[in-house]
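Architecture and fold: a report
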Amino acid sequence: PACSSLQLCLAGCGMSAEGLAVLAAQGVAHCPSLSELWLGGNPDMLKGAEGNKACSALAKALPACSSLQLCLAGCGMSAEGLAVLAAQGVAHCPSLSELHLDDNPDMLKGAEGNKACSALAKALPACSSLQNLRLGECGMSAEGLAVLAAQAVAHCPSLSELHLDDNPDMLKG
């Protein structure tokens, strides 16, 4: 018999991008009872081109989950990886209740980071269950904050926690 709710924690276990791609395609995509997926603290998992491919694989699997808390904190996610995750996954996962992306210090830096922030902001209205969004220590700029705040505040009525700590450039300008 299938379990009614599965929590999977692989935080800090040295998971690679290839490992995540396999987990997403062969596990997450076939496990609608997955309620928590904690992958934080795998600092090289989402770095570079392989990391972006892993983000794409995970994004494609997310809509299969009926309710989900997702932690990708401290995984080396890039702006490109976030844009893919947002457009292909977050935008199609209305049951996403928590999204932890903190401690990816270069993810939202510069022009590419602002584009990724915009992609996330566009995806947020589809997340009708989102209660907790963590983007601390991600390199967010004032421009990224403006785009995100407009979407998060206006279109995510269930959002009760928005963590933006340790983004020193966010309030400059």
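Please refer to the structure higher up on the page.
Report on the accompanying structure. Every value quoted in this text rests on a predicted model; they were computed, and no experiment measured them.

Comments concerning the sheet that holds strand S6 (residues 161–163)
- Strand order in the open sheet made by the 6 strands is S1-S2-S3-S4-S5-S6, with parallel pairing throughout. Of all the strands in the sheet, just strand S1 (6–9) and S6 have a single pairing partner and so form its edges. Put simply, the sheet's adjacent strands are angled 10° from each other on average, direction ignored.
- Of the pairings in the sheet, the one linking strand S3 (residues 68–71) to strand S4 (residues 96–100) comprises 4 bridges and is parallel in character. Residue pairing in the sheet places Leu68 in a bridge with Leu96 of S4.

Description of the pairing of S3
- Residue alternation in S3 divides its side chains into two sets, Leu68 and Leu70 and Gln69 and Cys71, and both sets are buried.
- One ladder, built from 3 bridges, connects strand S2 (residues 34–38) with S3; its direction is parallel. In the strand pairing of S3, Leu37 is matched with Leu70.
- Remark: the S2/helix H2 (residues 48–61)/S3 crossover connection has right-handed handedness.
- Crossover S3 to S4 through helix H3 (residues 79–88) is right-handed.

Observations concerning the packing of H2 against H3
- Put simply, H2 and H3 touch, their axes get as near as 8 Å, and they point 15° apart. When the interaxial angle is binned, H2 and H3 end up roughly parallel. As H2 packs across H3, the resulting crossing turns out to be right-handed. Where H2 approaches H3, its residues Asn52, Cys55, Ser56, Leu58, Ala59 and Lys60 are matched on the opposing element by Glu80, Gly81, Val84, Leu85 and Gln88.
- For the contact of H2 with H3, the per-class residue count stands at 5 nonpolar, 4 polar and 2 charged.

What about the pattern of salt bridges?
- Following the criterion strictly, the structure yields 6 salt bridges and no others.
- The salt bridge partner of Glu161 is Arg134, with a shortest N-O separation of 3.5 Å. Of the two residues, Glu161 sits in strand S6 while Arg134 sits in strand S5 (residues 132–134), which places them 27 residues apart along the sequence.
- Residue class for Glu161 comes out partly exposed when judged on its relative accessible area of 33%.
- Among the ionic pairs, Asp169 bridges to Lys172, the shortest N-O distance being 3.2 Å.

Description of the side chain of Gln69
- Note on placement: Gln69 falls in strand S3.
- Of the residues examined, Gln69 reaches a relative accessible area of 19% and is grouped as buried.
- Non-local contacts of Gln69, meaning those with residues more than four positions away in its chain, are made with Ser35, Glu36, Leu37, Trp38, Ser97 and Glu98.

The rules behind each value
- Numbering of residues begins from 1 in every chain and follows the order in which that chain's sequence is written.
- This being a predicted model, a pLDDT of at least 70 is required before a residue's local features are given, and a value of 80 or more before pairs of side-chain atoms are given or counted; all residues contribute to the totals for chains, interfaces and linings.
- Excluded from the side-chain calculation are hydrogens and water; included are all heavy atoms of the structure.
- A strand pair is defined by DSSP finding two or more bridges across the two strands.
- Comment: elements are numbered from the N terminus, with helices defined as DSSP H or I runs of at least four residues and strands as E runs of at least two.
- An axis is simply a line fitted to the C-alpha atoms; with a helix, the fit covers only the stretch in contact. Between two such axes, the angle follows the N-to-C directions and lies from 0 to 180 degrees.
- Classification of residues uses two cut-offs on accessible area relative to the type maximum, computed with a 1.4 Å probe and protein chains only: under 20% is buried, over 50% is exposed, and between them is partly exposed.
- Orient the strands so they point away from the viewer, and a crossover whose first-strand-to-second-strand path over the helix runs clockwise is right-handed.
- Orientation categories follow fixed angle ranges, with anything under 35 degrees roughly parallel, anything over 145 roughly antiparallel, 65 to 115 roughly perpendicular, and all other angles oblique.
- For any helix crossing, the convention is left-handed if the near helix is rotated counterclockwise from the far helix by under a right angle, and right-handed if that rotation is clockwise.
- Two residues qualify as a contact provided that any one of their heavy atoms is within 4.5 Å of a heavy atom in the partner residue.
- For this classification, Asp, Glu, Lys and Arg are treated as charged, while Ala, Val, Leu, Ile, Met, Phe, Trp, Tyr, Cys and Pro are nonpolar and the rest, including Gly, are polar.
- Between Lys or Arg on one side and Asp or Glu on the other, a salt bridge is scored when a side-chain nitrogen of the former is within 4 Å of a carboxyl oxygen of the latter.

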